[in-house]
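# Breakdown of the fold
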Amino acid sequence: MGELANIANLSKRTIDYYTNMGLIQAKRTKSNYRMYSEEVLIDLRFIEECKNMHIPLDEIKRKLELKSNTIMHTRDVERQIDAVTQQIKQLHNEITVLLPLISRLDEEQKGDLSKKLNTEGTTLIKSLVSLTS
């Protein structure tokens, strides 16, 4: 667990908490040590990204379960699309609030922020386009 904590840049206590919540899973060795797969590290990064977006842990757990579920039900997909649609609306509202603030910045600051928003926006658009292809 200590090695995983170091690699993921998290505390052992956080790893233990996520394990107890069922967000991540460890296999046990014969001597009862926890062994974590590479997939767990990917999940930990996903969890931290979700937390940075202020997504509650119970919602993160549901997202992880959807991700690992080999049988996908239409209602689960629809529910996830509804959640993403709501997040997109929220982001649109936040950007609308930011635009007047950005207009007050100098050109260099505007350029830096514009690059950041354009990069993320382009990535989102590519993801959305791939859904319809």
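Predicted model, so just to flag it, every value in this text is computed and none were measured. (Residues numbered from 1 in each chain as written. Predicted model: local features only at pLDDT ≥ 70, side-chain atom pairs only at ≥ 80, totals over all residues. Heavy atoms only, no water.)

Right, let's get into the pattern of salt bridges. If you walk through the whole model with that rule in mind, you get 7 salt bridges. A salt bridge links D43 to K67; the shortest N-O distance between them is 2.5 Å. With a gap of 24 residues between them, D43 in helix α3 (residues 38–52) and K67 in helix α4 (residues 57–68) connect regions that are remote in the sequence. Put simply, E48 and K51 hold a salt bridge, and the shortest N to O gap is 3.8 Å. Linking E48 with K51, this pair stays in helix α3, spanning 3 residues, or about one helical turn. (Salt bridge = Lys/Arg side-chain N within 4 Å of Asp/Glu carboxyl O. Helix = DSSP H or I, 4+ residues; strand = E, 2+ residues; numbered from the N terminus.)

In contact at an axis separation of 12 Å, α4 and helix α5 (residues 74–103) are set at 130° when each is read in the N-to-C sense. Between α4 and α5, the interaxial angle falls into the category oblique. α4 and α5 meet at a crossing whose hand is left-handed. Taking contact as the criterion, the partners of E59, R62, K63 and L66 in α4 are, on α5, D76, R79, Q80 and Q87. When the residues that make up the contact of α4 with α5 are grouped by side-chain class, the tally is 1 nonpolar, 2 polar and 5 charged. (Axes fitted to C-alpha atoms, helices over the stretch in contact; angles between N-to-C directions. Parallel < 35°, antiparallel > 145°, perpendicular 65-115°, else oblique. Left-handed = near helix turned anticlockwise from the far one by under 90°. Contact = heavy atoms within 4.5 Å. Nonpolar A, V, L, I, M, F, W, Y, C, P; charged D, E, K, R; others polar.)

Another point: the nonpolar core. In this structure, L4, I15, Y18, I24, L44, I47 and I60 are the most contacted members of the largest nonpolar core, which totals 17 residues. Taken together, the elements giving at least two residues each to this core come down to α1 (2–8), α2 (12–21), α3 and α4. Residue contributions to this core peak at 5 residues, all from α3. With residues up to four places along the chain from it excluded, the contact list for I60 reads L23, I47, C50, K51 and I55. (Core = buried A, V, L, I, M, F, W, Y, C linked by side-chain atoms within 4.5 Å. Buried < 20%, exposed > 50% of the residue type's maximum accessible area, 1.4 Å probe, protein only.)

Positive phi, close to 60°, is recorded for N9, a residue that is not glycine. Note that N9 resides in the loop between α1 and α2. One non-glycine residue with positive phi stands out, namely N32, at about 70°. Within the secondary structure, N32 sits in the loop between β1 (27–28) and β2 (34–35).

With that out of the way, let us pick up the UniProt feature "domain: HTH merR-type" (unreviewed entry) in the protein. Mapped onto the present numbering, the UniProt feature "domain: HTH merR-type" (unreviewed entry) falls at residues 1–66. Between the C-alpha atoms that bound residues 1–66 the distance is 25 Å, and the span itself is 64% helix and 6% strand. (UniProt positions renumbered as here; feature names shortened; annotations may be inferred.)

As a further point, take the confidence of the model for the protein. The pLDDT averaged across the protein works out to 85; a share of 97% of its residues lies at or above 70. Within the protein, the lowest mean pLDDT, 81, falls on helix α6 (residues 107–132), and the highest, 92, falls on α2. (pLDDT = per-residue confidence, 0-100.)

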